[in-house]
Amino acid sequence: MRNIVVNLELLLLCIQWDYTVDMSWQLIYFWSKKIHRLAMWFSIFFGVPLALSGVMIHKLMEGEFFLIPFDEPTVRFVHNKASNPFALTLAVMMVTGFLMWLIPKIMSARAKR
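For every chain, the first residue of the written sequence is number 1, and numbering continues from 1 onward in sequence order. Predicted model: local features are reported for residues with pLDDT of at least 70 only, side-chain atom pairs are reported and counted for 80 or more only, and whole-chain, interface and lining totals are derived from all residues. To get the side-chain values, all heavy atoms of the structure are used, and hydrogens and water are removed first.

Draft legend 1. Region of interest: the overall build of the chain. Along the backbone of the chain there are three helices and zero strands. Classification of residues uses two cut-offs on accessible area relative to the type maximum, computed with a 1.4 Å probe and protein chains only: under 20% is buried, over 50% is exposed, and between them is partly exposed. Taken over 113 residues, the chain has a buried fraction of 21%. Should any heavy atoms of two residues lie within 4.5 Å, those residues are considered in contact. Sequence-distant contacts, at least 24 apart, represent 80% of the contacts inside the chain between residues at least 6 apart. Only the protein chains shown count as cover for residues, with accessible areas throughout obtained via the Shrake-Rupley method and a probe of 1.4 Å. For the chain, the accessible area works out to roughly 8300 Å², and carbon and sulfur atoms hold 72% of it. Runs of E in the DSSP output that reach at least two residues are strands. Runs of H or I that reach at least four are helices, and both are numbered from the N terminus.

Spelled out as structure tokens, the structure:
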């Protein structure tokens, strides 16, 4: 991983950057942060039903008693419907989190020039 960062810093030192590029990196960082925060709330919104339905399905498969009676097809339906948006939300969070990690490294490499 360190080699990638060092190679990226060397690449950035070789390229001539101007002020507008700095502003665009800052803008990308700003929007990544906003999108990451929104995706976090969506992951909570989709993750809670996913976790609860997963626990209910697990209890059903293990044959353990669960406090409230539930309909297995309904629980599986909720679990299946919540899983795809949850996965998409996590993918968006991964991309924006990577950008929020990378952009300060790019900016510090540029400042060292």
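Draft legend 2. A look at the environment of Ile57. For Ile57, the location among the structural elements is in helix 2 (residues 19–62). Residue Ile57 is classed as buried on the basis of its relative accessible area, which comes to 14%. Considered as a pair, Ile57 and His79 are 22 residues apart in the sequence and their alpha carbons are 9.0 Å apart. Beyond its immediate chain neighbours, meaning those up to four positions away, Ile57 contacts Val75, Arg76 and His79.

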